[in-house]
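# Summary of the model geometry
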Amino acid sequence: MITVKKFYLYIIMLCCIANSFAQTGSIEGTITDPYGTPLEDVNVILSNTQKGTTTDVNGNYSFAAVEDGEYTLTASYMSYMTSKKNVMVITGGNIKVDFVLEESNSQLDEVIVSSVGRTPEKLSEIPASITVVSSAQIKTLSTNTTHINDVLEFAVPGLAPSSGTYSNWGQTLRGRQLLVLVDGIPQSTPLRNSLVDLKSVQPYDIDRIEVIKGSAAIYGNGGDGGIVNYITKKANKDVLITGTSNAWTTSNLSKTDDAFGWGLQQSLTGNLDKFSYYVSGSFEKTGNKYDANRDPLSPTYGLDNSKIFSVLGKIGYQIDDNQTINAMINHYNSRQDSPFVATRGELEVFNASGDRRITPVIGVLPTDENPKLGDDTGVTTTNAQIKYTLNEIFNGTTKLDADLYYQKGKNIFFYSEYFENGGQTVVNTDKFGFRPILHTDLHLDIPVKMSFTYGLDLLKDKTNQGLLDGRIWTPDLDLLSIAPFVQAKFKYKEDWVLKTGIRHDDMRIAIDDFSTLPYSPRSDGNFRESADVSGGDLSFRNTSINAGIRYIKNNEFIPYFSFSQGFSLPDIGRVIRGATAKSVDDINPSPIITNNYEFGFLSKFKHVRFEAVGYYSTSNLGLGLVFNDDSNRFEQSENPQNIYGAEVSADFTFLSDNLQFGASYSYVEGLKHSPDDSTNLTYIGGDVISPPKITAYINVRPFSKLSTSIRVVHVGSRKRFNPTETDGTFSFRYREVPVHDYALVNFSSTYEATEKISISLGINNLFNKDFLPARSQWASPLRGQIPAGEGINGRLAISYKF
């Protein structure tokens, strides 16, 4: 029986419940760019609450059950200016707040990174050092060049200087090897590293580049120094068809003989019902390239007289509100057919102080005594991917991303006399991969937000290296890799973020019987004898961990500390092809285990962004190989390495982004020691440790239609080595030649003639500096690897949007 007292108690409870429901409202909206294209993964924050979300594929976001009151909505996305709007929520109201984000070159705005935990995250919440090269930056830097190695040299602190060739040999990241990805698909060939993986896609098709520095446990083999992930452009889902047309010309400006080059690029994108698409194709033809002394550059690994063809196609289908499927194919092909042949460079050392003269390799027309040998050289890369996404599973807590990918690479090198009767080698690689990944957010009534990303990496990689005439140098290396992983993120209010993760790699490499090739590593006619080697299996297992913490309460000081481990195989192909053992089972190469410790902080103010980081990493073995005089071959380095360094960058923006300037400084140093004596330390060579690097820029927009940029790259000196003396003759060891400093100034300007047409001009090496890239200096004992840097050269382009 209900008493009067209970009746009134029930009435009061019902009123309270009703009141609690009634005094809330909701907020929703759509976020687009200035052209009406919906923006996916935009970060939206509701002030004074624990609420935050990201936009879906249609640019929509929403907040439910928002209590009455006044709030500020903040929308932020990479390459766009952060936007804020004030809103008033009233009882039962549904407020619609749309944003149109303007493009920005500024480095100050918040960005979203997808590569670190394989799910989108705010940059300031990640306890790691990360550089994101936005689409606006890529556009500005590509005004001068489509050579992505040069773009990255300027944009990424900690990355070694560009060699000025299509090879990224020596372009390490913090003194360690890097792993290159295109939309998460590995481009690197760590089983037989051809070191040309940075050139895998044209800049016109890149939306942004995410560079994760330090050992990357989450991606496995090949990422001791970090990863470079090219994120390609997405489809415009708001119109049936739109596109961009680009045309450009290039030329050396100090000498124009046959130096004219040109290129065309066309992209189309749009949406039809549930289908979306992006297609792009480009062709570029380069001409002769000259140094500051008007001599043709060396054609070895050269960028001259090349034909570059690239296509990218994407198609997506929206199955329903929670399911999408996307397919991607990318093909990149570069072939060089130079009229020149390379001379031999020279390194002359005059005394014990190391005074020296380096004569660079140049290109000369072939003669009967110095004929042109071999076929065209270059890179071919093909990527294909199918990706399925399922949202709102397991009571709305979990998202599934599963992708199946294929990658094929073919890298043809220059003609070499290191082989009996000479030859030209090619590295071939075929990769198949499958990655089911789940991301779970736990919605608990506690002040700690928890999320977990977990999944499995399956990789089948077959790599070999042979000669174009059919001889086999490195036999098929057939890798099967299985790697489960989990990453956890704990966010306490808006104060702290803790991330930790673990990955277990289980690798097996199957190798058939083979015979080594007679080979002269020093090109001195001393050919190593051929050896018959019985095949077998090589197995590697390792568990890597990472952990980091970041304080995020105040934008003025956002510090972090992290520890991460890397696991990668040595260059198995180079070890195998020079084997002296009778069986693969007797070779026993060891994996490289890297421990990386890092401390840094980020400070953001209204007009200033400042970042500083210091790091220290150790490895049980050395990167690369060392030459054994007794066996006349390259062998795996057994010297443990300790590498340390620092990076500082500052960016300023004023006058509504019309004036921007900034600078960065990168320093890295490394020491090695023998396995049995950790006190006998010696410096590591230039192929691993790069000289200090300073970059600086100023962007000015004097009026709305004109923007101008001046950029400087200064590569410092590194003088750690002394020459050796033999019978009164002085010489430096390979990789241990001191590096002298040099500085380059580049200029670019873009004029927006109409809303649809823009014209740009870029001039590289503005003052026609005569210089040798850092790699040409430390590699100068290899007389064929001393190309000079390109003299003053220009690029004129026109772009049309419709």
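What you are looking at is a predicted structure, and each value in this text was computed from that prediction instead of being measured.

Each value, and the rule that gives it
Residues numbered from 1 in each chain as written. Predicted model: local features only at pLDDT ≥ 70, side-chain atom pairs only at ≥ 80, totals over all residues. Heavy atoms only, no water. Helix = DSSP H or I, 4+ residues; strand = E, 2+ residues; numbered from the N terminus. Polar contact = N/O pair within 3.5 Å; in protein donor to acceptor, adjacent residues only side chain to side chain. Contact = heavy atoms within 4.5 Å. Phe/Tyr/Trp six-rings, centres within 6.5 Å; stacked < 30°, edge-to-face > 60°. Buried < 20%, exposed > 50% of the residue type's maximum accessible area, 1.4 Å probe, protein only. Lys NZ or Arg CZ within 6 Å of the ring centre and 35° of its normal. Core = buried A, V, L, I, M, F, W, Y, C linked by side-chain atoms within 4.5 Å. Pairing = 2+ DSSP bridges. Salt bridge = Lys/Arg side-chain N within 4 Å of Asp/Glu carboxyl O.

### Here we look at the side chain of Glu-647
Relative to the elements of secondary structure, Glu-647 occurs in strand S39 (residues 641-654). There is a polar contact of 2.9 Å between the side chain of Glu-647 and the side chain of Arg-174. Of note is the side chain of Glu-647, whose polar atom sits 3.1 Å from the side chain of Lys-213. Those residues in contact with Glu-647, other than ones at most four positions away along the chain, are Ser-129, Pro-157, Gly-158, Arg-174, Lys-213, Glu-611, Ala-612, Val-613, Tyr-615, Tyr-665 and Ser-666.

### Quick word on the packing of aromatic side chains
The tally for this structure, following the rule as stated, stands at 22 aromatic pairs. Judged by centre distance (5.0 Å) and plane angle (45°), the ring pair of Phe-563 and Tyr-597 falls under tilted. Taken together, the positions of Phe-563 in strand S34 (residues 558-568) and Tyr-597 in strand S35 (residues 592-604) put the pair 34 residues apart, joining distant regions of the chain. You can call Tyr-597 partly exposed: its relative accessible area is 34%. Sitting over the face of the ring of Phe-99, Lys-85 holds its NZ or CZ atom 5.0 Å from the ring centroid.

### With respect to the nonpolar core
Within the largest apolar cluster, 32 residues are counted, with the highest numbers of intra-cluster contacts made by Ile-148, Leu-152, Val-156, Leu-198, Ile-209, Val-228 and Tyr-230. Of all the elements in the fold, those that place two or more residues in this core are helix H2 (135-141), helix H3 (148-155), strand S12 (178-182), strand S14 (206-213), strand S15 (226-232), strand S43 (706-715), strand S46 (742-752) and helix H5 (774-778). With 5 residues, H3 is the largest single contributor of residues to this core. If you look at the next biggest cluster of nonpolar residues, it comprises 26 residues, including Tyr-278, Leu-477, Leu-479 and Ala-581.

### Topic: the sheet that holds S15
Strands belonging to one sheet form pairs held by backbone hydrogen bonds; the direction of such a pair is parallel or antiparallel. Strand order in the open sheet formed by 5 strands is S11-S14-S15-S12-S13, and the pairing between neighbours is mixed. Looking at which strands have only one partner, the edges of the open sheet turn out to be strand S11 (130-133) and strand S13 (185-186).

### Overview of the pairing of S12
Within S12, 5 of the 5 residues are buried, which leaves it mostly tucked inside the rest of the structure. Judged by which residues are buried, S12 turns out to be covered on both faces: Leu-178, Val-180 and Val-182 on one side and Leu-179 and Leu-181 on the other are all buried. In terms of strand pairing, S12 meets S15 through 5 bridges, oriented parallel. Bridging across to S15, Leu-179 finds its partner in Ile-227. Sheet topology note: the S12/S13 ladder contains 2 bridges and is antiparallel.

### Thoughts on the pattern of salt bridges
A side chain with one charge can pair with a side chain of the opposite charge if their charged atoms come near. Per the stated rule, a full pass over the model turns up 29 salt bridges. In this structure, Arg-503 and Asp-457 form a salt bridge, with 3.0 Å as the shortest nitrogen-oxygen distance. On the criterion of sequence distance, the pair formed by Arg-503 in strand S30 (residues 496-511) and Asp-457 in strand S28 (residues 448-467) is long-range, its members being 46 residues apart. Where Glu-494 meets Lys-491, a salt bridge forms, and the shortest distance between an N and an O atom there is 3.3 Å. Overall, the relative accessible area of 33% leaves Glu-494 in the partly exposed class. A network of salt bridges, in which partner residues are shared, links Glu-125, Lys-489, Lys-491 and Glu-494.

### Some points on the pairing of strand S40 (residues 659-674)
Note that S39 and S40 share 14 bridges and pair antiparallel. Its bridge partner lying in S40, Asn-642 is registered against Leu-671. Once S39 ends, the chain turns through 4 residues before running back antiparallel as S40, passing Leu-655 with a positive phi of about 55°. Sheet topology places S40 next to strand S41 (residues 677-683); 3 bridges connect them, and they run antiparallel. Opposite Leu-671, over in S41, you have Tyr-683 as the bridge partner. Here S40 folds back onto S41, and the loop between the two strands holds 2 residues.

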